[in-house]
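Notes for the structure review
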Amino acid sequence: DVKVTQSSRYLVKRTGEKVFLECVQDMDHENMFWYRQDPGLGLRLIYFSYDVKMKEKGDIPEGYSVSREKKERFSLILESASTNQTSMYLCASSLTSGGRNNEQFFGPGTRLTVL
Amino acid sequence: SQQGEEDPQALSIQEGENATMNCSYKTSINNLQWYRQNSGRGLVHLILIRSNEREKHSGRLRVTLDTSKKSSSLLITASRAADTASYFCATDPLNQAGTALIFGKGTTLSVSS
């Protein structure tokens, strides 16, 4: 079974701190994704990556950056955390990005609170 | 960019009843997928239906796809309390290689015993 793990289930940070959220998948998937999920807004795509060192902006990239130095690891970085970044962050991976085999496998999520 | 819209937003039923959720989308697709999310957890993939398929079954799940109406439905038969969760549809846009799935906002299903 595909396993996607996220570094923390719960995280509390202060405004202005730099925050790293780590995601690791163990199935050699090409594609990895970061979403945030807020009540009433559903899942919103922040960034995704379809190859090592490649990244694409999603719908809401402002205030975030990403890093993919290795195929299995995709990091989300909040350069200077703000209270409006308090949210549930979900990482996902998929074998391909279009057509066949693009089912996404999700990690358990990180609930981030910025005070 | 939100493509899928689930309907209803919330659904409450009794154990043993069937639950039907609908999804409408805007652009042509390669496939449409349904996911389940238990409270406070990540999403779990349930079923994928390709654009050239009209119906697909998996256990108690039945998914239909009508590409002419750009809509899909998810039917859960003989619901159980364990089916209580949020359900999301996600579309894979056609002719947009290297893009991500587009998720709807979800239907929250509550099954009471």
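Below, the structure is looked at part by part. (Residues numbered from 1 in each chain as written. Chains lettered and ligands numbered in written order. Predicted model: local features only at pLDDT ≥ 70, side-chain atom pairs only at ≥ 80, totals over all residues. Heavy atoms only, no water.)

Attention now goes to the sheet that holds strand E1 (residues 4–6) of chain A. Residues and elements named next belong to chain A. Reading across from one edge, E1-E3-E8-E7 is the order of the four strands in this open sheet, with antiparallel pairing throughout. Each edge of the open sheet is held by one strand with a lone partner, namely E1 and strand E7 (64–70). The sheet shows a mean angle of 20° between the axes of neighbouring strands, taken without regard to direction. By the bridge criterion, five bridges tie E7 to strand E8 (residues 73–78) in an arrangement that is antiparallel. By the bridge assignment for E8, tyrosine 64 is matched with leucine 78. (Pairing = 2+ DSSP bridges. Helix = DSSP H or I, 4+ residues; strand = E, 2+ residues; numbered from the N terminus. Axes fitted to C-alpha atoms, helices over the stretch in contact; angles between N-to-C directions.)

With that out of the way, let us pick up the nonpolar core. Membership of the largest hydrophobic core comes to 22 residues, with the highest contact counts inside it found for B:Leu32, B:Trp34, B:Leu74, B:Ile76, B:Tyr87 and B:Leu109. Residues contacting B:Leu109, with those up to four places away along its chain left out, are B:Leu11, B:Ile13, B:Ala19, B:Met21, B:Ile76, B:Asp83, B:Thr84, B:Ala85 and B:Tyr87. (Core = buried A, V, L, I, M, F, W, Y, C linked by side-chain atoms within 4.5 Å. Buried < 20%, exposed > 50% of the residue type's maximum accessible area, 1.4 Å probe, protein only. Contact = heavy atoms within 4.5 Å.)

This part covers the interface of chain B and chain A. Chain B puts 23 residues into the contact, and the matching count from chain A is 24 residues. Interface of chain B and chain A: buried area, both sides summed, is about 1,800 Å²; carbon and sulfur atoms make up 49% of it. In this assembly, chain B and chain A are joined by zero salt bridges. Considering every element that reaches the side of chain B that touches chain A, the biggest residue donor is strand E4 (residues 29–37) of chain B, with five residues. A class-by-class count of the residues in the side of chain B that touches chain A yields seven nonpolar, twelve polar and four charged. (Buried area = accessible area lost by both parts, 1.4 Å probe. Salt bridge = Lys/Arg side-chain N within 4 Å of Asp/Glu carboxyl O. Nonpolar A, V, L, I, M, F, W, Y, C, P; charged D, E, K, R; others polar.)

What follows concerns unusual backbone geometry. Here the bond from B:Asp7 into B:Pro8 is cis, since omega is 0°, no more than 30 degrees from zero. The backbone of A:Lys53 sits at a positive phi, close to 65°, despite the residue not being glycine. As for its position among the elements, A:Lys53 is in the loop between strand E5 (42–49) and strand E6 (56–57).

All names here are of chain A. By the secondary structure assignment, glutamine 25 is in strand E3 (residues 19–25). In terms of polar contacts, glutamine 25 uses its side chain to reach the backbone amide nitrogen of methionine 27, at 3.1 Å. The contacts of glutamine 25, once residues within four sequence positions are left out, are Lys3, Val4, Met32, Arg68, Lys71, Glu72 and Ser93. (Polar contact = N/O pair within 3.5 Å; in protein donor to acceptor, adjacent residues only side chain to side chain.)

With that settled, the discussion passes to the state of the cysteines. When the sulfur atoms of two cysteines share a covalent bond, that bond is a disulfide. Within this structure, the stated rule accounts for two disulfides over all chains. Note that A:Cys23 is cross-linked by a disulfide to A:Cys91, the S-S spacing being 1.8 Å. Of note, the bridge from A:Cys23 to A:Cys91 carries an S-S torsion of about -80° and is left-handed in sense. On the criterion of sequence distance, the pair formed by A:Cys23 in strand E3 and A:Cys91 in strand E9 (residues 87–94) is long-range, its members being 68 residues apart. Using a relative accessible area of 0% as the deciding quantity, one classes A:Cys91 as buried. Across a sulfur-sulfur distance of 2.0 Å, B:Cys23 and B:Cys89 are joined as a disulfide pair. (Disulfide = S-S within 2.5 Å.)

Below, the discussion takes up the packing of aromatic side chains. One pass over the structure, following the stated rule, counts eight aromatic pairs over all chains. Ring centres of A:Tyr35 and B:Phe103 lie 5.5 Å apart, and the angle between their planes is 85°; this geometry places the pair in the edge-to-face category. Taken together, the residues A:Tyr35 in strand E4 (residues 31–38) and B:Phe103 in strand E10 (residues 102–103) connect one chain to another. For the pair A:Tyr35 and B:Phe103, one class covers both residues: buried. Taken together, A:Phe33, A:Tyr35, A:Phe48, A:Phe106, B:Tyr35 and B:Phe103 form an aromatic cluster joined through their ring pairs. (Phe/Tyr/Trp six-rings, centres within 6.5 Å; stacked < 30°, edge-to-face > 60°.)

This part covers the sheet that holds strand E8 (residues 71–76) of chain B. Across a sheet, strands are paired by hydrogen bonds formed along the backbone, either parallel or antiparallel in direction. Residues and elements named next belong to chain B. In space, the five strands of this open sheet follow the order E1-E3-E8-E7-E6, with antiparallel pairing throughout. The open sheet has two free edges, formed respectively by strand E1 (5–7) and strand E6 (55–58), since each of these has just one partner strand. When the angles between neighbouring strand axes are averaged without regard to direction, this sheet yields 20°. In the sheet, strand E3 (residues 19–24) pairs with E8 via six bridges, with the strands oriented antiparallel. Across the sheet, the residue bridging to asparagine 22 is serine 73, located in E8.

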